Amino acid sequence: MILVCGGLADGVTELVCARLQDCGYPYRLLDFARFPAGYRCNVRWTERGPEGWIATDEWHLDLDDISGVYARLLGADDRAPLPGLDPADAAVLRTEADLGLMALLEDIACPVVNRIGGGLSNNSKPYQAIVIRSAGLGVPPTLVTSDPDAVRAFQAQHGDVIYKSASGVRSIVRRVGDEQLARLDRLRDGPAQFQAFVPGRNVRVHTVGTSVFATAIESEAVDYRYAHLDGLTTRLEPVELPASVNEACLRLAQACDLLFAGIDLKQTPSGEFVCFEVNPCPGFLYYERHTGQPISTALAELLRGRAH
Amino acid sequence: MFLLLGHSNDTCCQGVRAGLADHGLDARIIASPLAPPAKLTWHLDADGLTSNLYPHLPDRSIDGVLVRDTGWLDPAGWAEDDFAYMQAELRAVMLAWLNGLNCPVINRPDASQWYRSGVPLMAWRRQLRSAGLKLPEVVITSEPGEAVSFRRRLETGGDNGAVYSPLTNSSSYLLADDDAWSRLTSVQAHVPVCLTEAHGPAALACVVGDEVIWNDAPPPDAPLIEAALRRFATAAALIFVEIAIAPVREEPAVVLVEPRPRLERYNEPARTRIIAALVAALTRDAAADAKRVAS
């Protein structure tokens, strides 16, 4: 039995459930939209790890029967209020329930997509860049600085420069232009991250266990995910990567303790690959819908315990 | 120059600074590393990583860093959203800077520790178990009947009772009487509760590198426990960690893991040994400790 922890209002979780249904793999949905209301559990940690069960009025699931867990958290706005509680108390109690569930998912023996700890590297892009480089992938020239002169020198060296947050907050990529250069004195409030703009073709890689799915993206936008906001178009197609790049992507996912990862690459005009970041909770729906790549099927096999 | 990141009145920072001074080595205690006069340039490309945090102290001339607290941004003058954003940015940058340094860093954080500071014992269970350390039994349950069973089991075993330990904070409540158990049931109406076995008096130990320093006399089975503690510290990549061991069902079990040990809890001889071990760890050959640094 597979445990899916997420919300059906989220398209990615919906796709995972639909694929499990298609494959005939039984699953139970722990619906984050209403959790913990309506759910019961009893989990006991012994010398062997966690054992016990999770249940609703409709089903009862022994932890020993779980072959894999897929977890995708919902934002606070997508979660129903807990009945009979004021919002402040409800928020604390919901966090308490979430932490209990996370403690279980961190320690349960079966594959978990993904355990929380592995995904935290995504909260620091420059830290993640060190991990990426250690895995054998190139990274774009990156400057994190609170020194306006350093930014000017970096731009003089690289010409086209972009900036983006160093953390996972407000993570939108923008080009550095005259407007941004005029505001460089604000760096005194704290450093910002700049990168040389890397020309070429975007490639999104999804690693699922030891399987690799690469998707090439053609777009005029600096950040193709937001191309529609600027009235620009995007085209996606499956692509085969050199074996060395595939292997480096798998090493990277393993280094981040991610059974399922979304890795953003760019192939330069000279054929080199550079890596921008690793997403621990990839919204792969967009890529699978546009290319037909069997990402969700590979995920279903992984959760079923049949991955390569 | 050694950098000791923490508040100026932090006992550990003060002790290490004095210990380094005894060896004729300079150390600076810094409460907010990214605040002026810091002027960070952190540059990563195909040639490797170079960084400088302070204008008159190139990072390559930093001999070692002790990480106690990296400070928090003053919220004054910030809109709430902007403040949260800047705080996240500073944390992200500090994590990268510490990991890029080519000198001993105690403790050099990885993301899972950096973003989960103050985590309860639950988060360490897997690694503790793998290291061969015993742990108190824990139950997370929404079922009043299961909580009662847990209580009976502990009472039958002659143990010290049960403790309710919310996961959202570090507090714990001994469930000493029927009234306390009754109130627990009302919480269970909304959310599962985390119960654990109560334990006897705890013995504090600090792991510093390969050394295990007990606050009081080591327990009789100290060699076995110390070997397991070293295995845990190595697996968790912690050079400096405090662990409390207490009897649970008549066996020593880990009841606390603290990656930022509080020296105030230690007696003077133990404190002196901890400081000496930290100074030794900081002054080791940089090449032996540097890890994951772009060459």
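Here the structure is a predicted model, which means the values were calculated and not measured. (Residues numbered from 1 in each chain as written. Chains lettered and ligands numbered in written order. Predicted model: local features only at pLDDT ≥ 70, side-chain atom pairs only at ≥ 80, totals over all residues. Heavy atoms only, no water.)

What follows is about the overall build of chain A. Helices and strands together make up the secondary structure of chain A, namely 9 helices and 16 strands. Scaling as 2.2 N^0.38, a compact globule of 308 residues should have a C-alpha radius of gyration of about 19 Å, and chain A matches this with 21 Å. Its C-alpha atoms put chain A at 65 × 45 × 40 Å along the principal axes. Scored against the burial criterion, the 308 residues of chain A give a buried share of 55%. For chain A, the proportion of contacts with a sequence separation of at least 24, taken over those separated by at least 6, is 64%. Carbon and sulfur atoms make up 50% of the accessible area of chain A, which totals about 13,000 Å². For chain A, the centre of its 29 positive side-chain charges and the centre of its 39 negative side-chain charges are spaced 2 Å apart. (Helix = DSSP H or I, 4+ residues; strand = E, 2+ residues; numbered from the N terminus. Rg over C-alpha atoms; globule rule 2.2 N^0.38 Å. Buried < 20%, exposed > 50% of the residue type's maximum accessible area, 1.4 Å probe, protein only. Contact = heavy atoms within 4.5 Å. Areas by Shrake-Rupley, 256 points an atom, 1.4 Å probe, with all protein chains shown as cover. Lys, Arg positive; Asp, Glu negative; His and termini not counted. Charge placed at Lys NZ, Arg CZ, Asp CG, Glu CD.)

Another aspect to go through is the interface of chain A and chain B. With 59 residues of chain A at the contact, the number on the chain B side is 57 residues. Taken over both partners, the interface formed by chain A and chain B buries close to 4,900 Å², and the fraction arising from carbon and sulfur atoms is 58%. If you sort the residues of chain A by the area they bury against chain B, Trp45(A), Glu96(A) and Tyr127(A) come out on top, with a joint share of 14%. Inspection of the region where chain A meets chain B yields 4 salt bridges. Between Arg40(A) and Glu143(B) there is a salt bridge whose closest N-O contact spans 3.7 Å. Broken down by secondary-structure element, the contributors of at least two residues to the side of chain A that touches chain B are β3 (40-46), β4 (49-55), α2 (87-107), α3 (116-119), α4 (125-134), β8 (142-145) and α5 (148-158) of chain A. (Buried area = accessible area lost by both parts, 1.4 Å probe. Salt bridge = Lys/Arg side-chain N within 4 Å of Asp/Glu carboxyl O.)

Turning next to helix α1 (residues 11-22) of chain B. Residues and elements named next belong to chain B. An ideal rise of 1.5 Å per residue puts 16 Å on 12 residues; α1 measures up with 16 Å between its terminal C-alpha atoms. Those residues of α1 lying buried are Thr 11, Cys 12, Cys 13, Gly 15, Val 16, Gly 19 and Leu 20. Residues of α1 that are buried sit in contact with β1 (2-5), β2 (27-30), β5 (64-67), β13 (240-248) and α8 (268-282). Backbone geometry just after α1 places Gly 24 at a positive phi near 75°. (Expected span 1.5 Å × (residues − 1).)

A few words now on a negative patch on the surface. Together, Glu47(A), Asp221(B), Glu250(B) and Glu251(B) give the surface a local cluster of negative charge. Along the chain, Glu47(A) falls in the loop between β3 and β4. (Patch = residues over 30% accessible without salt bridge, like charges linked within 9 Å, V, L, I, M, F, W, Y side chains within 5 Å.)

Spatial relationships are all this shows, so hold off on functional conclusions.
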